[in-house]
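Chain by chain, the residues:
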Amino acid sequence: NSEYMGTLVVACMDPAASAPPRRNRVLTDEEDAMQFNAWDHAEWDEEKFRECEEKVAAQRVVLDEAAIEQYDAQAADYWDKFYQANETRFYQRRNYLHLEFDDVRGPNGDGGSASGEGRTLLEVGCGTGSSVFPLLKALPKLFVRAFDFSAKAVELVRTHAEYDASRAHAFVWDIAKSDVPQADVALGSVDVALMIYVLSAIAPADMAAVAARMFAVLKPGGVICLRDYGRYDLAQMRFKEARKLGDHFYVRGEGTRVYFFTKEELAALFEAAGFETLENGYDRRVLTNRKRKITMFRVWCQARFRKPLPG
């Protein structure tokens, strides 16, 4: 399914993922694209932006309101079916997250606090554990609370051979629709949270509630580390109008949904919930198929938001 191109490429590139300033293969002229199979950061000119804007503007919403509402009402069911079909085979392990985000690693590099005490990480939309298990292995002083609104995904995490209930707690929570389950995660108890390609799966109308619930569970000074799909990513360009649910919001062939963000939208969303923006930018990369002379432009957002300290 070409509409899953975004996720498939992310899976193969995840182990090397990092923010643009740490990379040095920068594409400034599209005519040079075929020199390499991949470019770490691409500078877009006005013509490229205009081309993408026009293509997206031409996409129409052709689904009726009842169909759009059905995708929302049955969102968890579609993800359950996805995980039942794919189990742990679809997403590769994200072995890089503790290297990518200093907030995850902690001041001593072992997941703990500066004083040597353990810390708590909350993963939003844990899927089958592609982030959970690498983090548990790499960071011995980190306790991971991980949730998903797919009961099948949580079952796969809990029954995994590497699941250790003394260091992790996986639970079902639809953060878009229901209040914080305080038996699973207490208010003000989380040091750092991960939102990796998960906010985009939530309807835009529910995103403010998600940000507010994240603010509630984080400690003062706690940080959200976020990576997600950016506006005019290749995956967005490939969607047909029959898959459009709303502005920059689409449904894939198997019923899961995806939104494509601007960094300004992310900042406005989390700042309205009370967060401070620490980092917020685009990671634009170029993949090439030199044999077929095809250039593929990928766009991701990467950001960090902090719950302010008192005073």
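See the structure printed just above.
Residues numbered from 1 in each chain as written. Predicted model: local features only at pLDDT ≥ 70, side-chain atom pairs only at ≥ 80, totals over all residues. Heavy atoms only, no water.

### Let's talk about the overall build of the chain
Part 1 of the argument: Along its length, the chain carries 11 helices and 13 strands.
Part 2 of the argument: Looking at the chain as a whole, 54% of its 311 residues are labelled buried.
Part 3 of the argument: Taking all contacts inside the chain whose residues are at least 6 apart in sequence as the whole, residues at least 24 apart take part in 71%. (Helix = DSSP H or I, 4+ residues; strand = E, 2+ residues; numbered from the N terminus. Buried < 20%, exposed > 50% of the residue type's maximum accessible area, 1.4 Å probe, protein only. Contact = heavy atoms within 4.5 Å.)

### Considering helix α2 (residues 46–57)
Part 1 of the argument: In this model, α2 (12 residues) spans 16 Å end to end at C-alpha, consistent with the 16 Å of a helix rising 1.5 Å per residue.
Part 2 of the argument: Residues of α2 that are buried include every one of K48, C52 and V56, and no others. Buried positions in α2, seen along its axis, are confined to an arc of 60° and lie on one side of it. Those residues of α2 that are exposed and angled more than 90 degrees off the buried face are E46, E47, E54 and A57.
Part 3 of the argument: Contacts made by the buried residues of α2 are with α10 (234–238), β9 (244–246), β10 (249–251) and β13 (294–306). (Expected span 1.5 Å × (residues − 1). Arc of directions from axis to C-beta.)

### Some remarks on the sheet that holds strand β11 (residues 257–259)
Part 1 of the argument: If you trace the 3 strands from one edge of the open sheet to the other, you get β9-β10-β11, paired in antiparallel fashion. The outermost strands of the open sheet, each flanked by one partner alone, are β9 and β11. Along the sheet, successive strands turn relative to each other by an average axial angle of 30°, direction set aside.
Part 2 of the argument: Strand direction decides the pairing type here: β9 and β10, joined by 2 bridges, are antiparallel. Note that in β10 the partner of G246 across the bridge is F249. (Pairing = 2+ DSSP bridges. Axes fitted to C-alpha atoms, helices over the stretch in contact; angles between N-to-C directions.)

### Brief notes about the packing of aromatic side chains
Part 1 of the argument: A complete count under the given rule lists 16 aromatic pairs for this structure.
Part 2 of the argument: Measuring from centroid to centroid gives 4.9 Å for Y259 and F261, while their planes differ by 65°, and the two rings are edge-to-face.
Part 3 of the argument: Through pairs of rings, three or more aromatic residues link up here, namely Y197, Y229, F239, Y250 and F260.
Part 4 of the argument: Note that K48 overlies the ring of F297, its terminal NZ or CZ placed 3.9 Å from the centroid.
Part 5 of the argument: We note K307 situated over the ring of F215; from NZ or CZ to the ring centre the distance is 4.7 Å. (Phe/Tyr/Trp six-rings, centres within 6.5 Å; stacked < 30°, edge-to-face > 60°. Lys NZ or Arg CZ within 6 Å of the ring centre and 35° of its normal.)

### With respect to the packing of helix α4 (residues 75–86) against helix α8 (residues 151–158)
Part 1 of the argument: Packing of α4 against α8 brings their axes to within 7 Å, and their N-to-C directions diverge by 40°. Here α4 is positioned oblique relative to α8, judged by the angle of their axes. Residues D80, Y83 and Q84 of α4 form the contact with α8, whose participating residues are A151, K152, A153 and L156. (Parallel < 35°, antiparallel > 145°, perpendicular 65-115°, else oblique.)

### A closer look at the pattern of salt bridges
Part 1 of the argument: Enumeration according to the criterion identifies 16 salt bridges in this entry.
Part 2 of the argument: Here K177 ties to D72 by a salt bridge, and the two come within 3.0 Å at their closest N and O atoms. On the criterion of sequence distance, the pair formed by K177 in the loop between β6 (168–172) and β7 (190–196) and D72 in helix α3 (residues 65–73) is long-range, its members being 105 residues apart.
Part 3 of the argument: K177 gets classed as partly exposed once you look at its relative accessible area, which sits at 45%.
Part 4 of the argument: Where D102 meets R105, a salt bridge forms, and the shortest distance between an N and an O atom there is 2.5 Å. Of this pair, D102 and R105 are both found in helix α6 (residues 102–105), 3 residues apart, which corresponds to roughly one turn of the helix. (Salt bridge = Lys/Arg side-chain N within 4 Å of Asp/Glu carboxyl O.)

### Description of the pairing of strand β4 (residues 119–124)
Part 1 of the argument: In terms of residue burial, β4 counts as a mostly covered element, since 6 of its 6 residues are buried.
Part 2 of the argument: Where burial is concerned, the two faces of β4 agree: the one with R119, L121 and E123 and the one with T120, L122 and V124 are both buried.
Part 3 of the argument: Across 6 bridges, β4 lies against strand β5 (residues 142–148) in parallel orientation. Bridging from a neighbouring strand, L122 pairs with R145 of β5.
Part 4 of the argument: Since β4 and β5 lie parallel, the crossover through helix α7 (residues 132–138) that links them has a hand, and here it is right-handed.
Part 5 of the argument: Direction of pairing for β4 relative to β7: parallel, over a ladder of 3 bridges. (Right-handed = clockwise from strand over helix to strand, strands pointing away.)

Keep in mind that these numbers describe shape and distance, not what the molecule does.
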